[in-house]
Amino acid sequence: MAPGHYFWAIFYFACLCSASLANNARVNFREKEKKILDQILGAGKYDARIRPSGINGTDDKATQVYVNMFLRSISKIDDYKMEYSVQLTFREQWLDERLKFDDIGGRLKYLTLTEANRVWMPDLFFSNEKEGHFHNIIMPNVYIRIFPYGSVLYSIRISLTLACPMNLKLYPLDRQVCSLRMASYGWTTADLVFLWKEGDPVQVVKNLHLPRFTLEKFLTDYCNSKTNTGEYSCLKVDLLFKREFSYYLIQIYIPCCMLVIVSWVSFWLDQGAVPARVSLGVTTLLTMATQTSGINASLPPVSYTKAIDVWTGVCLTFVFGALLEFALVNYASRSGWAADIHRENMKKKRRELEQASLDAASDLLDTDSNATFAMKPLVRHPGDPLALEKLRQCEVHMQAPKRQNCCRSWMSKFPTSPLKKIPCFGRGQCSRSKRIDVISRITFPLVFALFNLVYWSTYLFREEEED
């Protein structure tokens, strides 16, 4: 063959190669995806009602579904309804060998679907769900990826309101564990098994902020359940929440302490200032009752006593005790006034009797002023009735004073005289009522401080035991 023919043959072959490469460069992979989807999901080729085979394609093994999730937000934790709301991206992954396809030399990484009913789906449900909804703005937040080796990844964004049974015995010094449970509804463990994805199955968004709680940690576990129809696979996530105490310290504990201390101001007011002391006691009592009602309105009615119930109950008792103390002071003042009146009447009668006897003796002396009396000896004669009567009167007036008990002697040490002269009904009433006020000034703060010591040491120690 002539050299010219060789040249034209090589040129023709090069043109064919370049045309072939150009045609390959212009391949429409979207068309390839459509053809592959029609091929693997076409009518009569794939039945979404039949579950995939088990491990290594065996029909007698259960289909394994790996689960992981991403917690986007936790919007609220409701103590009254005992529930919490969460938004998450939920993912499931399983192997379905019927969906294998050619990846065109690694150029097709995966196929994407938006219709979940085109392939077989696990019948997973959230067992402690109260309400839930999908997100469809702007488009439905769901996708399905089919990989060349038959693996299927299902991802969806959902919002759930889940039940969270709470133990409020230590409220507001408590910690709560809220669970998120996922289980198979119809397939037993012989057909379908849920497993946590290895590595990091649960992820939480950074800088998660809750109004009154802090997410301390979370744990993943299994919770398979057995019923009359068989055993069903179940997964759960336990979220441990710690209640922020600073909010309750400012809103509840400090105001209650201030109300109790304000009720003690009546101990320093004069016992004669009846309107001021009654108004102060009633106002603090009503305010404390309103505070207690507001606290209980935000909590469910439970059969046990909560830590906040002990606090508000004792504070209410102290405020009510301050009001009763004024009633005791008022009663002591009035009883002392009646005793003083009775004592004054007895003294008045005694003075009248003594005056009458003196008048009779003076009349007798005036009548017999000229008579001569013989001096009687000072020695008492035996059997003299007049001498015996006078001796008896002397014994009565010279009896030894009664011994005071220790309680009366201790109470007498407190100052009972007012700082300035205050009009009283009698002489003993001011000292008696004043002594009650002075004792209350010391007793009420000491008992309240002792209660605080016992309360905080008890509940803080129990909180550590819960940890």
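Thresholds, definitions, all that
- The residue numbers shown here count from 1 along each chain, following its written sequence.
- It should be noted that, the model being predicted, local features are given only for residues of pLDDT at least 70 and side-chain atom pairs only at 80 or more, the latter also being counted only at that level, while totals for whole chains, interfaces and linings use all residues.
- The basis for every side-chain value is the complete set of non-hydrogen atoms in the structure, without hydrogens or water.
- The way it works is that DSSP assigns letters per residue, a run of H or I at least four long becomes a helix, a run of E at least two long becomes a strand, and they are numbered from the N terminus.
- Here, two residues are considered to be in contact whenever any of their heavy atoms come within 4.5 Å of each other.
- To measure how exposed things are, a 1.4 Å probe is used in the Shrake-Rupley method; for residues, cover is taken only from the protein chains shown.
- Working definition: a disulfide is two cysteine sulfur atoms within 2.5 Å of each other.
- When a residue's accessible area, from a 1.4 Å probe over protein chains only, is under 20% of the maximum for its type it is buried; when over 50% it is exposed; and in between it is partly exposed.
- Criterion for a salt bridge: a side-chain nitrogen of Lys or Arg within 4 Å of a carboxyl oxygen of Asp or Glu.
- Residues enter a patch when their relative accessible area is above 30% and they make no salt bridge; the linking distance is 9 Å between like charges and 5 Å between nonpolar side chains (Val, Leu, Ile, Met, Phe, Trp, Tyr).
- Nine residue types can take part in a nonpolar core, namely buried Ala, Val, Leu, Ile, Met, Phe, Trp, Tyr and Cys, and a core is a set of them joined through side-chain atoms within 4.5 Å.
- One number per residue, pLDDT, summarises how confident the predictor is, and it ranges from 0 to 100.
- The length a helix should cover is 1.5 Å for every residue beyond the first.

Notes on the overall build of the chain
Along the chain, the regular secondary structure elements total eight helices and 14 strands. Considering only intrachain contacts with a sequence separation of at least 6, the fraction spanning at least 24 residues in the chain is 77%. Surface accessibility of the chain: about 30200 Å² in total, with carbon and sulfur atoms responsible for 60%.

Let's talk about the state of the cysteines
Put plainly, two cysteines are in a disulfide when a covalent bond ties their sulfur atoms together. In total, this model carries two disulfides according to the counting rule given. Here Cys164 engages in a disulfide with Cys178; their sulfurs sit 2.0 Å apart. Note on the Cys164 and Cys178 pair: the S-S dihedral is about -80 degrees, so by sign convention the disulfide is left-handed. Residue Cys164 is located in the loop between strand E7 (151-163) and strand E8 (175-184), and its partner Cys178 is located in strand E8; the two are separated by 14 residues in the primary sequence. Here Cys164 falls in the buried class, since its relative accessible area comes to 0%. Cysteine Cys257 is unpaired, with the sulfur of Cys315 as its nearest cysteine sulfur at 5.8 Å. The cysteine Cys315 is free of any disulfide, with Cys256 supplying the nearest cysteine sulfur at 4.9 Å. Cys315 sits in the buried class, given a relative accessible area of 0%.

Topic: unusual backbone geometry
Going from Ile137 to Ile138, the amide bond is cis rather than trans, its omega being 0 degrees. Following the sequence through the fold, Ile138 ends up in the loop between strand E5 (129-134) and strand E6 (142-146). With an omega of 5 degrees, the peptide bond running from Tyr171 to Pro172 counts as cis. Structurally, the position occupied by Pro172 is in the loop between E7 and E8. The phi dihedral of Ile104 falls on the positive side, at around 55 degrees, and the residue is not glycine. Summarising the element assignment, Ile104 is placed in the loop between strand E2 (83-95) and strand E3 (111-113). Located in the positive-phi region is Asn207, a residue other than glycine, with phi close to 60 degrees.

Re the pattern of salt bridges
Per the stated rule, a full pass over the model turns up 13 salt bridges. In this structure, the salt-bridge partner of Arg51 is Asp191, at a minimum N-O distance of 3.7 Å. Linking Arg51 in the loop between helix H2 (29-41) and strand E1 (63-78) with Asp191 in the loop between E8 and strand E9 (192-196), this pair joins segments that are 140 residues apart in sequence. Given the relative accessible area of 16%, Arg51 is considered buried.

A short note on a nonpolar patch on the surface
A surface patch of nonpolar side chains, amounting to about 370 Å² of accessible area, comprises Leu249, Ile250, Ile254 and Met258. In this structure, Met258 sits in helix H3 (residues 245-263).

Topic: the nonpolar core
A general feature of soluble globular proteins is that nonpolar side chains tend to end up buried together. Membership of the largest hydrophobic core comes to 78 residues, with the highest contact counts inside it found for Tyr84, Val86, Phe90, Leu180, Met182 and Phe241. Looking at this core element by element, the count peaks at seven residues for helix H5 (residues 307-367). Aside from chain neighbours lying at most four places away, what touches Phe241 is Ile74, Ile77, Arg175, Gln176, Cys178, Leu210, Phe213, Thr214 and Leu215.

Some thoughts on the environment of Lys34
Position of Lys34 relative to the elements: it lies in helix H2. Judged by relative accessible area, Lys34 falls into the partly exposed class, the value being 48%. Taking C-alpha positions, Lys34 is 9.3 Å from Leu111, a pair spaced 77 residues apart along the chain.

Quick look at the confidence of the model for the chain
One rule of thumb: low pLDDT means the predicted coordinates there are not for detailed reading. In this model, the chain carries an average pLDDT of 81, and 73% of its residues clear a pLDDT of 70 or more. Below pLDDT 50 for its whole length, residues 19-25 participates in one contact with residues either more than four positions away or in separate chains. In this model residues 416-429 is a low-confidence stretch, pLDDT under 50, and it forms 17 contacts with partners more than four residues away in sequence or in other chains.

A closer look at helix H4 (residues 274-297)
In this model, H4 (24 residues) spans 35 Å end to end at C-alpha, consistent with the 34 Å of a helix rising 1.5 Å per residue. Those residues of H4 that fall on the buried side of the exposure criterion are Arg277, Gly281, Thr284, Met288, Thr292 and Ile295.

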